[in-house]
Structures are given as structure tokens and as C-alpha cells.
Amino acid sequence: MNKNFKKGFHSICVKDLVIDGLSSHVPPIYATSTFTYEDLDAAFDFFKKGGANKDVYTYSRLGNPTVKLVGDKIAALEAFNVKDENGNDLKAYGMLFASGMAAIAAAILANVKAGDKVITQGNLYGTTNELLITILKDFGVETIYADLKDLNFVEDAIINDEHIKLLYIETPANPTLECFDLDGLAAIAQNQDIKTVVDNTFSTPYLQQPLKFGIDFVVHSSTKFLNGHGTGTSGVLVGKDENFINTKLYGIQKMIGGICSPFEAFLLNNGVKTLPLRMDQHQKNAMQLAKFLSEHPKVSKVNYLGLETHPDYAMAKEQMNGPCGMLSFELKDGLEAGMNFMRAIEFCTLTASLGTADTLVTHSASTSHVNVPREQRLRHGITDGLIRVSVGLENIEDITADFSHALSAF
Ligand SMILES: Cc1ncc(COP(=O)(O)O)c(C=O)c1O
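Just so you know, these numbers come straight off a predicted model, no measurement behind them. Each residue is numbered by its place in its chain's sequence as written, counting from 1. With pLDDT at 70 or above as the cut-off, local features in this predicted model cover only qualifying residues; side-chain atom pairs require 80 or more to be listed or tallied, and sums for whole chains, interfaces and linings still use all residues.

Visitor: I keep staring at helix α7 (residues 182-191) and nothing clicks. Help me out?
Guide: Each turn of an α-helix holds 3.6 residues, which means side chains three or four residues apart point in the same direction. Where α7 is concerned, the buried positions are Leu182, Leu185, Ala186, Ile188 and Ala189. One side of α7 carries all its buried residues, which in axial view fall inside an arc of 160°. Once C-beta atoms have been placed from the backbone, residue pairs whose C-beta atoms lie within 7 Å are recorded as contacts. The way it works is that DSSP assigns letters per residue, a run of H or I at least four long becomes a helix, a run of E at least two long becomes a strand, and they are numbered from the N terminus. On its buried face, α7 sits against α6 (151-159), β4 (164-170), β5 (195-199) and α12 (313-319). Positive phi appears at Asp193, one or two residues downstream of α7, with a value of about 60°. Labels follow a simple rule on C-beta atoms placed from the backbone: if 20 or more others lie within 10 Å of a residue's own, it is buried; if 12 or fewer, it is exposed; otherwise it is partly exposed. Of all possible arcs, the one meant is that of the directions from the helix axis to the C-beta atoms.

Visitor: Is there a simple way to explain the site of the ligand in this structure?
Guide: Surveying the vicinity of the ligand reveals the residues Ser99, Gly100, Met101, Tyr125, Thr127, Glu170, Asp199, Thr201, Ser221, Thr223, Thr233 and Gly235. Any residue that is not Ala, Val, Leu, Ile, Met, Phe, Trp, Tyr, Cys, Pro, Asp, Glu, Lys or Arg is counted as polar, Gly included; the first ten are nonpolar and the last four charged. Here the residues of the shell around the ligand sort into two nonpolar, eight polar and two charged. Should the C-beta atom of a residue, placed from the backbone, lie within 6 Å of a molecule or strand, that residue is near it.

Visitor: I tried to follow the domain arrangement of the chain on my own but got confused; where do I start?
Guide: Often, the extent of an interface is quoted as the loss of accessible area upon association of its parts. The split into domains, and so the bounds of each, comes from an automatic or database assignment of domains. Segmenting the chain into domains produces domain 1 (9-30 + 64-273) and domain 2 (277-408). The straight-line distance from the C-alpha centre of domain 1 to that of domain 2 is 25 Å. Across the contact, 23 residues belong to domain 1 and 29 residues belong to domain 2. Elements represented by at least two residues in the side of domain 1 that touches domain 2 include exactly α7 and α8 (204-207). Considering each element in turn, the side of domain 1 that touches domain 2 owes the most residues, three residues, to α8. Taken together, the residues of the side of domain 1 that touches domain 2 sort by class into 10 nonpolar, nine polar and four charged.

Visitor: In this structure, what is going on with the pairing of strand β1 (residues 93-97)? I would like to understand it.
Guide: When a strand is regular, its side chains alternate between the sheet's two faces. Across the five residues that make up β1, a large majority, five, are buried. Taking every second residue as pointing to the same face, both faces of β1 are buried, with Tyr93, Met95 and Phe97 on one and Gly94 and Leu96 on the other. Bridge count for β1 against strand β7 (residues 235-239) is five bridges, and the pairing is antiparallel. Within β7, the position partnered with Met95 by the bridge is Leu237. DSSP calls a pair of strands paired once it identifies at least 2 bridges connecting them.

Visitor: Honestly, the sheet that holds β1 in this entry has me stumped. Any pointers?
Guide: Through backbone hydrogen bonds, the strands of a sheet pair up, either in parallel or in antiparallel fashion. Ordered by their spatial adjacency, seven strands build an open sheet running β1-β7-β6-β5-β4-β2-β3, and the pairing between neighbours is mixed. The open sheet has two edge strands with one neighbour each: β1 and β3 (142-145). Strand-to-strand twist across the sheet, computed as the mean angle between neighbouring axes with direction ignored, equals 20°. In the packing of helix α9 (residues 242-256) onto the sheet, the strands contacted are β1 and β7, and the crossing angle to β1 comes to about 10°. The angle between two axes is taken between their N-to-C directions and runs from 0 to 180 degrees, where each axis is a line fitted to C-alpha atoms and a helix contributes only its stretch in contact.

Visitor: How should I be thinking about the packing of α6 against α7 in this particular structure?
Guide: A pair of packed helices is characterised by two quantities: the angle between their axes and the separation of those axes. Where α6 meets α7, the closest approach of the two axes is 10 Å, and the angle between their N-to-C directions is 15°. Judged by the angle between their axes, α6 and α7 are roughly parallel. In terms of crossing hand, the pair formed by α6 and α7 is right-handed. On the side of α6, the interface is formed by Leu151, Val154, Glu155 and Ile158, while α7 contributes Gly184, Leu185 and Ile188. Under this scheme an angle from 65 to 115 degrees is roughly perpendicular, one under 35 degrees roughly parallel, and one over 145 degrees roughly antiparallel; angles in between are oblique. In a left-handed crossing the near helix is turned counterclockwise from the far helix by less than a right angle, and in a right-handed crossing that turn is clockwise.

Set out below in C-alpha cells:
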């Protein structure tokens, strides 16, 4: 094959990078905690050069071939067709973690120290928010919440506070699918010389590539759409600064140890192979379910980025390749209606996660946010009758039949 041959997005998902000289078709799971030294001189040489090294396999906390292969693949997807400042293909570098939270924690820890501040949105994924206001606060890192839609406010806040060192963004955000302008926010951060992190869990690189807009780091809960089957817990971090990844971030991973296991990496790789096909179908079903819900008399509002009624429809069209497979809707009759809807669901699955092959339904007010003060959850769009749906790959007629039945049960 011509060495200039450039694989397409689907091909990168499907094809595996070769690990070794063997002809295993599917990458093996390197279920080993250590790798042996050829002889004492090799061991001596390794330690003399400083020990832990991302490219030399010695101990699986410091690096494992199965894990590396999958991190490299996801980095290639995040950088697919993205150009660097010189117009060349952007090279991105990926790392896998034990969970989305381990990747997010590493991304934040790598970019702030005591006395620094993080600027972010109010509707972050709950545990990311908890990390900022508990552990990071205790270590002297302050969080400033801002309306990230208001670019002037964000810019002024950063200009007027030299302690703000990181802009952390989640787009689209839970549960209303609110979007933030990646191009505008990245430009502000670059001009003010601060770093940016984007949680790309809902979109995956198939639907949104934050690096294209000049964002510095992308994080994922690959537990979700990237794995796609709900079979494992893992996280991804992708960046474009090779030196920073290899030193600062690799150091954090090495010392804190939140590594992805080779088995989880293997499962993640299997999921990524069908990512584009699944995302296409998630979106197709989500669009049909959103239309069905929009016309239902018991539904007061549908939050779906594929509907022109969504306030961020235009922004999503601009920065995403599709409206994704997540939606939420509000029931007219509030809390009781939400609980009754959930009690009546039979076919779809009642669980808190998202991004699996089957349709997952959550009523936040009675489950994940039951202990959050009502005023606080309302501020973030979690209304009494709000149902969040991770739309799956089943026959759409079966999903709508279940929803129709559940909506008629109260
Ligand atoms: C948007 C988002 N980011 C991060 C996380 C955390 O990921 P994990 O559960 O893999 O640690 C989640 C989990 O639900 C999430 O929804």
C-alpha cells in the first residue's frame, strides 16, 4: 500500500494497528503486569535513563501494548482530517484511563496548581462538579461558574483574573443538550494563554472534534458511546502537545495509577469498530423519537439538537456532524407524571448510564438528583417531569410503542 494512503474515519475505527510481529487478527489482551528485561544490561539501561517510559514496556501501570493501541486509535479519530497551524495533518496523542473521571481528573490536575482557578459551566456532569468543589477546592483550586454562552463575560473574567488557568467545557451538556461555542471559547483561551478541556462524551469524535476548533484536550467517558455496549468502564484523554502528554500527563497517570486495564481496552476497541454505524442509528432513532414526543399532548418540551426548536440547533449544526443520540423531554404534569412514566416503561431500560446499544431512560428528579435541592436542580434544567433518554438501536417502532404505552398509563 502506498505510504501516503490515508484511511477514512470508518477504516480507522475498524482496522487495528499492529502490535507485534505475530499475525493475530484482533489485538491480543496483554494480561501481564510486567514485561521482562532481555538481560541485566537492558534493565540497567532502562533505569539509568530514568525508568518509566511511555514507549518501553516494563510494567503495565506504566504502559501496556493493548491499552496503547486503543489510545492511539481514539487519538487518530479525534485528529481525523484536522489540520495544525501550518496546514499539516494534526498529530494527536491519546491515553486511556480506568474511567472517564480518572481521565477528567488527570486533565484538570495537569493544568492547575494551588492558587489557580478553573472557569466552567454550571451544568457539568455531577461528579466532575463534585471533583472541582471538594478535592480540588481542598487543594487550593477554585472554581468559577460562568454562562459559557456569554463570550464577552468569559473573556472579561479571564482578562481580569490572572489566576484563571483552565477553561473546562462539556458540550452538549446534560440534560438539556445545551451547546457551547467551541470556536469562540478556544479563541478566547488561546488569546489569554490559558488551556481548554472539552468533555466529548455525548458526541464522540464521529460527531464532534474539539481539536478542530483549537481546544487543547479532549476527555471522554468511554464507558458510554465509545465502548457502546455497556460492558466496561474506561476513560480517554487526547491532546496535541506531545511533550506535555508524555511528561506531565503520563507522570500523573503513573503516580495516581488510574490506568485502563488491557481487558477494558480490548472491549473498548471492539466498540469503536462499529462507532460510526451505531452513532448513525442512535441519531436516526433519536430524531424519530424526538418528533413523536414533540407531537404528544402530555409532553411540554423536547430537548433534541436535531429539532429546530432547540435553542442551540444552529450551533450544533455548525460544530457537530449530527445531533447525537441523547435527548430529554418534559412531562406537563411534573414529578408524579415523571415517576408514573418510569413505572410504566416495559421495553426500554431503566438505568442511569448512557451510550449503550439499548434505550436507557432516566427520571433525574426521582433518582440521581433526588437529594439535590429542587431550586438547585431547576437551575440546571432538571425539572420535575424531565426524562432523559439515551436512544438505542432497537426498532424505532418498539421504542415509540413503549413510550406511547407509558405516556397513556397516567
Ligand atoms: C458527560 C460525562 N462525563 C464524564 C462521566 C464520567 O465517566 P465515568 O463514569 O466513566 O467515570 C460521565 C458519566 O456518566 C458523563 O456522563
